[in-house]
Every structure is written in structure tokens, then in C-alpha cells.
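Each chain is listed here by its residues.
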Amino acid sequence: MLFRFCLYGFLKNQLYIEPFLVLAFLDRGVSFTFIGLLIGFRELCVNLLEIPSGAVADNFGRRGAMAFAFVAYVLSFLVFGLTRQPLWLFPAMFLFSIGETFRSGTHKAIIFSWLEHHGRSADKTQIYGYTRSWSKIGSLVSVFIAGGLVFWQGDYAVVFLACIPPYLLNIINFLTYPPYVEVSRPNRRGIREVAAELGDTLRSSWQDSSLRSVLLESMTYEGIYKVAKDYIQPLLKILALSLPIIMFLEDRQQTAVLVAVVYGALYLLSSFASRHAHLVAERFRSPKHATRFLWILTCLCFVLLATGIISGVTTVAVAAFIGLAVFQNFWRPVLVGRCASLSRSDATATVLSIDSQVRALFTAVFAPFVGWMVDLTSMVNSDLRFLPVALIGMSVCVLMLFFERHNLYER
């Protein structure tokens, strides 16, 4: 079973679209505002589907929910890869959102059920860490496969269609899991019960000032990172076209080579950051001080991004994005630890679900706004079109640091 769990993580992360998503959308002739609307639409759909997904998994089984998720993924890849009409990207993104919602968290529950069945609950951290390491390896491998596909075909659409075979293999993989990994609760909950529990936890979380502040920090930090992170792709394209070492290649081949190299390094650094995130928390008096330090570092990254854009030194701007990715991987474990320490033990999972939803709402609002600002700036000065990404990121960081300094939350 451990092999199949690792195989699941490896195949699931054969998501070849990730390093080329924005470039693929731009290739369809859409604007950054349109891309922002697409990302916001995805986050909103994931948010709305969060409640029914739990009820479906409880009532129809975890393996059934996983199969449903991966069929939705495959259909989304088909539509993404075959359509040239921008409006068809919305149905494709809706199908992708279904996959994200019904997959998220379900496989972790399957692993924990298997451990419990074999009396190995104490090995949760070790086994989950081992399977997660294979997911990271899958991400690293996928970058070079994706780069190779774009280099060979010269078409970004190929990365969508190439995702289909590994995802079909994964459906076969997890359908062979034994039946005892299914949910074992005798009383299955409906959508109304799940929604009521979520509402109760949301009210109690909002009444607790410390927990409310953590959710606010998570919403803004993770949200602004999600909105900003994919703008590295058009910058990498600009940088690739300026590098003399690969100028003998065609435009898309140049981009494919640089994207593969940079994203490969990014995944390696992110994996290192995730593995050593506990060291950041241990070096400070409290998790709150650790997150404040990360806010400062993130703000400096956005300053570096603005400097790179204004000066026209694209390498500096790309380095800033890599820094943002590394610090986000430090941030997440520290934030989850704060949530767990401030919430009731029986409500931690629900609080983390609320955290996921408020982050999605923030992204749904800000992604179209940032895209619109980028398009607006490009009309005035195309060389500075990505400056709003840096300025908005800096503003959010400064605002959160200002509130912390004046002790407006988590007293």
C-alpha cells in the first residue's frame, strides 16, 4: 500500500500545466484581466463546492469521491487543450475546480485510515512525510517533462493533453485500494449538517480575537501569494528571449528551457523550505514572532520585485518571485501550528477548512483586480506593466505589519 500511496502522489503531481498556465492563456489572446477572472472563478468554485464535497465523500465513499475528482480533471484537461475559444476556458476551469475540491484532503484521510487499520497511527508523520516526498519528486520530474514537451511541440496546448495519461493511471491506482480505507463513521452527515458545523465554527472563530487575527493573516498572505506567483511566467519569457546562451533556439524553445530550469530550482528550494519550516518557528519566542519575521521578508521580496521591474533587470524580478515561493513554504507550517494551538482539538480540521475558504475568497476578489491593473499599466508603459503586482504586494505587507505593531489583534 505504501508504494501505491507514493505512486498516487507522484502521478497526481504530473501537472504539466502549472509552469506554463499563464503563458498558455496568453497564447489564446486573452488579457491579464481575463486571466485574473479565470483564477478568481476557480477559487470561487472551489469555495462553493467545499461543503458538498465533504458530504459526498462521507456518503459515497472516499474512493468514489477521488474517482469523481480525477474524471473531472481529465475532462478539464481535454477542454483546455482542445479549445481555442476564450469563453470555453471557464467551463474547463469549473471542471478543474471540481477536481481540486473533491480530491483535497480525501487522500490524506485514506492514508490515516490505512494506518489506523494496521495499528500504525503513531507513524502518521513519518508515512505522510514519506509520501509527500514522492509528491515533490513528481513535481520536479513534471517540470522537465513539461519543458521538454513545449520544446518539442512548440505549443503550450500540449501540456494540458499530456496530463491525461498519468491521471487516468492514478484512477486505476486508487480504485485498487482496499475497502477498509473508506469512512467508518456509522452516522453519515448530509450537506446541511456539514454546513451547520462549519457555520458554528466560523462564528466561534470570529468571536475569538486571536483566532480571527490568524485567519486574517492567512487570508492576506496566502491570497496575495496566490495572486502574484504566476506572473513569474511572462517574466521568464522576457528573460529567456534576452539570454544570449540560448538565442539560437526559437522563442518558445527558449522559454521552455528557462522555465524548466527555474521551476526545477524553485521546487527544490520549496521542498527544502517545507522540510525545515519548524526551525523558523523554533528560533522565535512564539509563532506570532515567526510570522511577523516572514511578513518582513515577504515585503522585502516585493520591494526587490519592484526594483527589478523599474530598473529593467528581469533577473532580479525573477529572483524576487523565487524568494516569495520559498518564504510561503516556511509560512504555511507555522500558520497551521498557530491555528491548531488556538482552536479546540475537535474543531481544528473545520478551522483549517474555514482558513482555506477565506483565502479562496481573497484570491477570487484580488486576482481580477491585479490583472486589470497590469493591463491598465501596460497601456501607459508596457515595460512597467507588472509593477502593480509588486506595489499591491508591498501595500498588503506594510498594512499587516502596521496592524501588528499597534497590537490590533492577537493580544
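In this text, all values refer to a predicted model and were calculated from it rather than measured experimentally. (Residues numbered from 1 in each chain as written. Predicted model: local features only at pLDDT ≥ 70, side-chain atom pairs only at ≥ 80, totals over all residues. Heavy atoms only, no water.)

Draft legend 1. Geometry of the overall build of the protein. Summing up its helical and strand segments, the protein has 18 helices and 0 strands in all. The burial tally for the protein puts 53% of its 411 residues in the buried class. When contacts within the protein are restricted to residue pairs at least 6 apart in sequence, those whose partners lie at least 24 apart make up 83%. Looking at the protein as shown, the accessible area adds up to about 18800 Å², and 66% of this sits on carbon and sulfur atoms. (Helix = DSSP H or I, 4+ residues; strand = E, 2+ residues; numbered from the N terminus. Buried < 20%, exposed > 50% of the residue type's maximum accessible area, 1.4 Å probe, protein only. Contact = heavy atoms within 4.5 Å. Areas by Shrake-Rupley, 256 points an atom, 1.4 Å probe, with all protein chains shown as cover.)

Draft legend 2. Quick peek at the packing of aromatic side chains. Using the criterion set out here, one finds 28 aromatic pairs in the structure. Residues Phe68 and Phe102 carry aromatic rings whose centres are separated by 5.0 Å and whose planes lie at 80 degrees to one another, so their mutual orientation is edge-to-face. Taken as a pair, Phe68 in helix H4 (residues 62-82) and Phe102 in helix H5 (residues 89-103) lie far apart in primary sequence, 34 residues in all. Accessibility expressed as a relative area gives 44% for Phe68, which makes it partly exposed. (Phe/Tyr/Trp six-rings, centres within 6.5 Å; stacked < 30°, edge-to-face > 60°.)

Draft legend 3. Representation of the confidence of the model for the protein in the model. Averaged over every residue, the pLDDT of the protein is 79; the share at 70 or more is 76%. In this model residues 407-411 is a low-confidence stretch, pLDDT under 50, and it forms 17 contacts with partners more than four residues away in sequence or in other chains. (pLDDT = per-residue confidence, 0-100.)

Draft legend 4. Here's a closer look at the layout of surface pockets. In this structure, the second largest pocket spans a volume of roughly 150 Å³. Leu235, Ile238, Gly308, Ile309, Gly312, Val313, Thr314, Ala317, Ser382, Asp383, Arg385 and Phe386 together form the lining of the second largest pocket. Class assignment for the residues of the lining of the second largest pocket results in 6 nonpolar, 4 polar and 2 charged. (1 Å grid on protein atoms, 1.4 Å probe; cavity = no way out; pocket = protein on both sides within 12 Å on 5 of 7 lines; lining within 4 Å. Points joined across faces, edges and corners; volume = space filled by probe spheres on them. Nonpolar A, V, L, I, M, F, W, Y, C, P; charged D, E, K, R; others polar.)

Draft legend 5. Seen up close, empty space enclosed by the protein. What the rule picks out here adds up to 2 cavities of 30 Å³ or more. Within this model, the largest cavity holds a volume of roughly 70 Å³. At 4 residues, the largest contribution of residues to the lining of the largest cavity is made by helix H3 (residues 32-60). Looking at the lining of the largest cavity residue by residue, the classes come out as 7 nonpolar, 1 polar and 1 charged. Taken as a whole, the second largest cavity encloses approximately 40 Å³ of empty space. Along the walls of the second largest cavity sit Tyr221, Ile224, Tyr225, Thr298, Phe302 and Leu324, which together make up its complete lining. Of the residues assigned to the lining of the second largest cavity, the class counts are 5 nonpolar, 1 polar and no charged.

Draft legend 6. Geometry of the side chain of Asp375. Tracing the backbone shows Asp375 in helix H17 (residues 348-380). The charged side chain of Asp375 is buried without a salt bridge, its nearest counter-charge being Arg385 at 7.6 Å. Not counting chain neighbours up to four residues away, the residues in contact with Asp375 comprise Ser31, Phe32 and Thr33. (Lys, Arg positive; Asp, Glu negative; His and termini not counted. Salt bridge = Lys/Arg side-chain N within 4 Å of Asp/Glu carboxyl O.)

Draft legend 7. Geometry of the environment of Val316. Positionally, Val316 belongs in helix H16 (residues 314-342). When its relative accessible area of 25% is taken as the criterion, Val316 is described as partly exposed. Each C-alpha atom of the pair Val316 and Ala306 lies 9.2 Å from the other, and the pair is 10 residues apart in sequence. Apart from residues no more than four positions distant in its own chain, Val316 is found in contact with Leu304 and Gly308.

Draft legend 8. Spatial organisation of the side chain of Lys12. Position of Lys12 relative to the elements: it lies in helix H1 (residues 2-12). Here Lys12 occupies a buried position and makes no salt bridge, while the nearest side chain of opposite charge, Glu100, is found at 7.8 Å. Not counting the four nearest positions on each side in its chain, Lys12 is found in contact with Phe70, Arg103, Ser135, Tyr167 and Asn170.

Draft legend 9. Geometry of the nonpolar core. In this structure, Ile17, Phe20, Phe25, Phe70, Phe77, Val159 and Leu305 are the most contacted members of the largest nonpolar core, which totals 109 residues. With 11 residues, H16 is the largest single contributor of residues to this core. In this view, Phe20 contacts Ala146, Gly147, Val150, Tyr156, Val159, Gln233, Ala256 and Val259; residues no more than four positions away in its chain are not counted. (Core = buried A, V, L, I, M, F, W, Y, C linked by side-chain atoms within 4.5 Å.)

Draft legend 10. A look at the packing of H1 against helix H9 (residues 164-175). With their axes 9 Å apart at the nearest point, H1 and H9 run at an angle of 160 degrees to one another. If you check the angle between H1 and H9, you find them roughly antiparallel. Classified by chirality, the crossing of H9 by H1 is left-handed. Contact residues: H1 offers Arg4, Leu7, Tyr8, Leu11 and Lys12, while H9 offers Pro166, Tyr167, Leu169, Asn170, Asn173 and Phe174. Here the contact of H1 with H9 is composed, by residue class, of 7 nonpolar, 2 polar and 2 charged. (Axes fitted to C-alpha atoms, helices over the stretch in contact; angles between N-to-C directions. Parallel < 35°, antiparallel > 145°, perpendicular 65-115°, else oblique. Left-handed = near helix turned anticlockwise from the far one by under 90°.)

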